[in-house]
Amino acid sequence: EYGIVLNSNHTHLSWSEVPNTEIYVVEVYSDISLINIAYTLQTPMTQIDMNIVGNEGTYWWRVIAFTSEGETEWSNVGQFTVDNSTPSISLTNGPGSTEGLIDFTAYYLDTHLEKYWIEVTDGGGTVVESSQPVFTTVPSENELVYTLDTRNLSEGIYDVTLYVVDAAGNMATGVISIEVENIAPTEDFQCKKDGWQTYGTMEFKNQGQCIKYVNHL
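Source: prediction; values computed, not measured.

Caption draft 1: Just the sheet that holds strand β9 (residues 88–93), in detail. Pairing is antiparallel in the open sheet, where three strands are placed in the order β9-β10-β14. Each edge of the open sheet carries a strand with a single partner, namely β9 and β14 (140–149). Across this sheet, the average inter-strand angle for adjacent strands is 25°, counted without regard to direction.

Structure (structure tokens):
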């Protein structure tokens, strides 16, 4: 495949079989003019795994077969790009709403972006919610990637994890831990004069219940 993006640990090249071949010679170049040879490899197979390609960049390659009857012409030139860099990402969350909703926004950047998704796990590591993968090649500085409805969750601590993968398979993750508390305040001072903001140790406060309480004072 011409123009494929690969990780140097998974640089797999393949080609069509030539009958009666004894050996294939693969040449990899660092320039489109096929002047600067970066690697030369020999194999009796019709594929190679080039884990030795560690330098990022674009490469061009071709194959010639040596058969029992002589050598063939060079194949068409292929191209691949080595990308070993993980995407740059960050995940942030807004304040919880009175309806128990929390918005999560993300920054993600990579030369070869492919997709991202969200997983929500409980304290035991069980996935309780997840989003479908979103395929994109466009970087984002502040995109809404998920809205968590805490009313669907039991009380406890949860990890919200953003996964971003590029075309070479490099993955980056960003995690935010939240604590869901759905118990209504039991004493007046927990709500008066913004007391709910400092009461307890929860990352997510039950503002809705306090607002209801204060409105009836």
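Caption draft 2: Up close: the packing of aromatic side chains. Under the counting rule described, the total for this entry stands at five aromatic pairs. On the numbers, 5.5 Å between centres and 20° between planes, the contact of Y59 with F80 is stacked. On the criterion of sequence distance, the pair formed by Y59 in strand β6 (residues 57–67) and F80 in strand β8 (residues 78–82) is long-range, its members being 21 residues apart. Both residues of the pair, Y59 and F80, belong to the buried class. The ring of W74 carries R62 above its face, with NZ or CZ at 4.0 Å from the centroid.

Caption draft 3: How the structure looks around the side chain of T136. Within the secondary structure, T136 is located in the loop between β13 (134–135) and β14. Only 3.1 Å separates the side chain of T136 from the backbone nitrogen of V138, close enough to count as a polar contact.

Caption draft 4: Spatial organisation of the nonpolar core. Counting residues in each nonpolar core, the largest one holds 22 residues, and the members touching the most others are L91, F104, Y108, V145, L148 and L162. Looking at this core, the elements that each hand over two or more residues are β9, β10 (101–109), β11 (113–121), β14, β15 (156–166) and β16 (171–180). Setting aside chain neighbours within four positions, we find Y108 in contact with S88, I89, L113, Y116, T136, V138, P139, S140, E143, V145 and V164.

Caption draft 5: Structural context of the confidence of the model for the protein chain. Looking at the protein chain as a whole, the pLDDT averages 84, with 79% of positions reaching at least 70. Every residue in residues 201–205 scores below 50 in pLDDT, and together they form 17 contacts with partners more than four places removed in sequence or on other chains. Scored below 50 in pLDDT, residues 211–217 shows five contacts in the model against residues more than four places distant or in partner chains.

Caption draft 6: Structural detail: unusual backbone geometry. A positive phi angle is found at N20, which is not glycine, with a value near 65°. Secondary-structure assignment places N20 in the loop between β2 (12–14) and β3 (21–29). Overall, N20 belongs to the exposed group, its relative accessible area being 52%.

Calculation rules
- Residues numbered from 1 in each chain as written.
- Predicted model: local features only at pLDDT ≥ 70, side-chain atom pairs only at ≥ 80, totals over all residues.
- Heavy atoms only, no water.
- Pairing = 2+ DSSP bridges.
- Helix = DSSP H or I, 4+ residues; strand = E, 2+ residues; numbered from the N terminus.
- Axes fitted to C-alpha atoms, helices over the stretch in contact; angles between N-to-C directions.
- Phe/Tyr/Trp six-rings, centres within 6.5 Å; stacked < 30°, edge-to-face > 60°.
- Buried < 20%, exposed > 50% of the residue type's maximum accessible area, 1.4 Å probe, protein only.
- Lys NZ or Arg CZ within 6 Å of the ring centre and 35° of its normal.
- Polar contact = N/O pair within 3.5 Å; in protein donor to acceptor, adjacent residues only side chain to side chain.
- Core = buried A, V, L, I, M, F, W, Y, C linked by side-chain atoms within 4.5 Å.
- Contact = heavy atoms within 4.5 Å.
- pLDDT = per-residue confidence, 0-100.

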